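The lines below spell out each chain.
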Amino acid sequence: MQYGNLLDDPPMTAGVPDQVLAGLRAVPGLRGLAVVHANPARIGAGQDKRPWAPGLVLCSDLAQIPLVGHCAAGASVAAVPMYEFLNLQSESTAEWPSAPISAQDVARLPVQMLFTTTDGSTAAMERTRTALTTAYPDFQSRTVGDWGSDQQRQLAGWRQLADVVLLTTLPIAGCSLAVSVVAGLSDRRRPFAMLRLTGAPLGLLRRVVGLESALPLLTVAVVATGTGFLAAHLFLKSQMHYSLVSPGAVYFALVALGLVASLGIIASTLPLLRRITGPEAARNG
């Protein structure tokens, strides 16, 4: 559970009274409690190439919350990136750099946030939340589940936007190709009419036109999909430290539906080939 301010927001409090810490540690089911201090001197800033300064945490506190990471050997204070305290993934293998400041000096710095872990029971989380809210009524506690719900809602909105884009861009591309097909047939009506007079079957001409129209659409769709997956993978890995997973059957069904709709639009133009390649087109071309 995270309670307080993140990143470059003002500190939560000048200090946490011992009785508040004792009351929190007395909550049944509490596993760990870390006091994350503000870092006005920006000690260790820029090590992770982010604009905000890391939080300063005593290694004795960090040892109680191993899912956030651990200190280097012999360190007393660690500089931990603030976003790690709202990370939905365990970083138990991460080793955070030692901060060149003593534990006594850190204790005199303002407190940016309190971070607690529990056994996962509802009773432990609610008792911890109640204790924190009683001590600091002006701040809101947030659990991993709260952060997860917010991110899930945001991701759901992005998925919905992606679905809308898929359902609109491919048919629009199909319509654009259909216009190109009609324009191409109009420009080549006399050559096609001459081919028909020389014995070329109408079905062969339709296959040629369909192939030269559908192939670019399918090629662009494959390249765009691959590029999208690559961009998503690079973004998630570099900015959010997540791994890309398969979007699921719905995504591929929407892509297939869009391609079928686009190919259907192209196919609807092929009957024009019979009308514009008749004998009169060869005489009047």
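Residues numbered from 1 in each chain as written. Predicted model: local features only at pLDDT ≥ 70, side-chain atom pairs only at ≥ 80, totals over all residues. Heavy atoms only, no water.

## A short note on the confidence of the model for the protein chain
Here comes step 1: Model confidence for the protein chain is summarised by a mean pLDDT of 76, while 80% of its residues fall at 70 or above.
Here comes step 2: Element-level mean pLDDT values for the protein chain span from 54 in strand β1 (residues 2-4) up to 87 in helix α2 (residues 59-62). (pLDDT = per-residue confidence, 0-100. Helix = DSSP H or I, 4+ residues; strand = E, 2+ residues; numbered from the N terminus.)

## Observations regarding the nonpolar core
Here comes step 1: The biggest cluster of nonpolar side chains holds 17 residues, and the ones touching the most others in it are Leu-62, Val-68, Val-80 and Phe-85.
Here comes step 2: When contributions to this core are tallied by element, the ones reaching two or more residues are β2 (30-37), α2, β5 (77-80) and β7 (111-118).
Here comes step 3: Contacts of Val-68, omitting those with residues within four sequence positions, involve Leu-62, Val-80, Glu-84, Phe-85, Glu-91, Trp-96 and Phe-115. (Core = buried A, V, L, I, M, F, W, Y, C linked by side-chain atoms within 4.5 Å. Buried < 20%, exposed > 50% of the residue type's maximum accessible area, 1.4 Å probe, protein only. Contact = heavy atoms within 4.5 Å.)

## Comments concerning the state of the cysteines
Here comes step 1: This structure, assessed with the given rule, holds 1 disulfide.
Here comes step 2: The disulfide partner of Cys-59 is Cys-71, and the gap between their sulfur atoms is 2.1 Å. Between Cys-59 and Cys-71, the disulfide has an S-S torsion of -105° and is therefore left-handed. With a gap of 12 residues between them, Cys-59 in helix α2 and Cys-71 in strand β4 (residues 70-71) connect regions that are remote in the sequence. Cys-71 shares its class with Cys-59; the two are buried. (Disulfide = S-S within 2.5 Å.)

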